[in-house]
Amino acid sequence: MPQTSLAPINAATRLCAVLGSPIRHSASPAMHNAAFAALGLNWRYLAFEVDPKNLRAAIAGARAMNFAGLNLTVPHKLLAVDMVDELDASAKTWGAVNTIKFENGRAIGFNTDADAIVTSLHEDLKVELRGAKVLLLGAGGAGRTAALKFAAENVAELFLVNRTASKAEEIAAEIKKQFPSIKVSVGYPKAEVDLILNATSLGLKPEDSSPLNEKQFSLKQTRAVYDMIYQPAETKLLAAAKAAGCKTANGIGMLVHQGATAFELWTGQSAPVAVMRRAVEGSVYGV
Ligand code: ATR
């Protein structure tokens, strides 16, 4: 049985935190504190509501106070790229920082989101991206990272759909430049795909419609559907996909894996992934 109680806070306690706005509903403190407890580490993870105009000062403050690291969430991931001393290759590639590690007084920016998508797709849906045909819904920050990562993973074909088509066109152009061998187009596919991934925010609110236009593309034409949204646990898209017989998963696995990689960067220890997943599910769904 892993330990579940945290070591008492004292002068040796190491600190990490997530900075965001809004931040009140973040599951990251529950996830990381459960992991610290499981490994018997005298560490704590906090959450701070930080306005973008104070982000630089907040990062500098955490560094000055010898924090071990930070996570950054909406709306800070792009802004932080210019606020660290050094960018790891992951942050350079994806143009966004979701994790900072403080080392010898320097702030190093990482991106652990892109790998987490691939790990979660593999673990939760048994989808291998290499050679897969993928319909990606959404061309915001999350959609862009997913699209570029899918191209880097050598998908066979990528279809990009977004309410604002010009943003999908921009991503397609970027993929054609960076990954000329990948087939990418904007619009719904004409034939079957292996995966539909929702990277839009449609589904977060109960009144939201599904991000998939089923008149344009039927759920019968895919094997698997992944929704990056994890609250609610089952969006309209996932419910319809289940009813159509698809394999489905929500974004919990992605949240857990981006956190697990951050945990390993900070502590140098293997992350207790199962403990982290249980803690997230407890925090988000109250189970
Ligand atoms: P994130 O960083 O989470 O990706 P974002 O960059 O604001 O957030 O992107 C939100 C995505 O959800 C975009 O693809 C957005 O479509 P637009 O590019 O057209 O704005 C999509 N989205 C948000 N609300 C939507 C709605 N009501 N209908 C369709 N798509 C929507």
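Residues numbered from 1 in each chain as written. Predicted model: local features only at pLDDT ≥ 70, side-chain atom pairs only at ≥ 80, totals over all residues. Heavy atoms only, no water.

Student: Any details on the site of the ligand? Residues and values, ideally.
Tutor: Near the ligand, the surroundings consist of Gly138, Ala139, Gly140, Gly141, Ala142, Asn162, Arg163, Thr164, Lys167, Thr200, Ser201 and Leu202. At 3.4 Å from an oxygen atom of the ligand is found a main-chain nitrogen or oxygen belonging to glycine 140. Between an oxygen atom of the ligand and a main-chain N or O atom of alanine 142, the distance comes to 2.8 Å. Summarising the interface, the protein chains cover 64% of the accessible area of the ligand, which totals 640 Å² for the free molecule. (Near = heavy atom within 4 Å. Polar contact = N/O pair within 3.5 Å; in protein donor to acceptor, adjacent residues only side chain to side chain. Areas by Shrake-Rupley, 256 points an atom, 1.4 Å probe, with all protein chains shown as cover.)

Student: I'd like to hear about the environment of leucine 79, residue by residue, with values.
Tutor: Assignment of secondary structure puts leucine 79 in the loop between strand 3 (69–72) and strand 4 (86–87). Distance in space between the C-alpha atoms of leucine 79 and lysine 133 is 32 Å, their sequence separation being 54 residues. If sequence neighbours within four positions are ignored, leucine 79 has contacts with Pro52 and Leu55. (Helix = DSSP H or I, 4+ residues; strand = E, 2+ residues; numbered from the N terminus. Contact = heavy atoms within 4.5 Å.)

Student: Lay out the pairing of strand 11 (residues 222–227) with the relevant residues and their values.
Tutor: For strand 11, the tally of buried residues reaches five of six residues, placing the bulk of the element in the interior. As paired strands, strand 10 (residues 193–198) and strand 11 are joined by five bridges and run parallel to one another. Among the inter-strand pairings, valine 193 is bridged to a residue of strand 11, identified as threonine 222. Inspection of the sheet shows strand 11 paired to strand 12 (residues 247–250) by four bridges, in the parallel sense. Residue alanine 224 lies in a different strand from strand 12, and its bridge partner there is lysine 247. One crossover worth recording links strand 11 to the parallel strand 12 by way of helix 7 (residues 236–243), and it is right-handed. (Buried < 20%, exposed > 50% of the residue type's maximum accessible area, 1.4 Å probe, protein only. Pairing = 2+ DSSP bridges. Right-handed = clockwise from strand over helix to strand, strands pointing away.)

Student: For the sheet that holds strand 7 (residues 133–137), give the residues involved together with the corresponding values.
Tutor: Strand order in the open sheet formed by six strands is 9-8-7-10-11-12, with parallel pairing between adjacent strands. Of all the strands in the sheet, just strand 9 (183–186) and strand 12 have a single pairing partner and so form its edges. Ignoring strand direction, the axes of neighbouring strands in this sheet form an average angle of 15°. Sitting on the sheet, helix 4 (residues 113–125) is in contact with strand 10, strand 11 and strand 12, with an inclination near 125° to strand 11. (Axes fitted to C-alpha atoms, helices over the stretch in contact; angles between N-to-C directions.)

Student: I'd like to hear about the pairing of strand 3, residue by residue, with values.
Tutor: Residues Gly69 and Asn71 point to one face of strand 3 and Leu70 and Leu72 to the other, with burial holding for every one of them. With four bridges joining them, strand 1 (residues 14–20) and strand 3 adopt parallel strand pairing. Residue pairing in the sheet places valine 18 in a bridge with asparagine 71 of strand 3. By the bridge criterion, three bridges tie strand 3 to strand 5 (residues 99–103) in an arrangement that is antiparallel. Bridge pairing in strand 5 links asparagine 71 to threonine 99.

Student: How would you sum up the domain arrangement of the protein? Please name residues and give values.
Tutor: The figure often quoted for interface size is the accessible area lost as the parts come together. Examined at the domain level, the protein breaks down into domain 1 (14–112 + 253–285) and domain 2 (114–251). Contacts between the two partners involve 11 residues from domain 1 and, on the opposite side, 20 residues from domain 2. Around 1400 Å² of area is buried between domain 1 and domain 2 when both sides are counted, 58% of it from carbon and sulfur atoms. When residues of domain 1 are sorted by the area they lose upon contact with domain 2, Trp94, Met254 and Tyr285 head the list and together hold 50% of the total. Here domain 1 and domain 2 share two salt bridges between them. (Domains from an automatic or database assignment. Buried area = accessible area lost by both parts, 1.4 Å probe. Salt bridge = Lys/Arg side-chain N within 4 Å of Asp/Glu carboxyl O.)

Student: Any details on the packing of aromatic side chains? Residues and values, ideally.
Tutor: Taken as a whole, this structure holds three aromatic pairs when the rule is applied. An angle of 45° between the planes, with centres 6.0 Å apart, marks the rings of tyrosine 45 and tryptophan 266 as tilted. Highlighted residues: tyrosine 45 in strand 2 (residues 43–49) and tryptophan 266 in helix 8 (residues 252–267), separated in sequence by 221 residues. Since its relative accessible area comes to 2%, tyrosine 45 is described here as buried. Relative accessible area serves as the criterion here: at 7%, tryptophan 266 is assigned to the buried category. The rings of Phe36, Trp43 and Phe263 are connected pair by pair, giving a single aromatic cluster. Seen from the ring of tryptophan 43, arginine 14 lies directly overhead, with NZ or CZ sitting 5.5 Å from the centre. (Phe/Tyr/Trp six-rings, centres within 6.5 Å; stacked < 30°, edge-to-face > 60°. Lys NZ or Arg CZ within 6 Å of the ring centre and 35° of its normal.)

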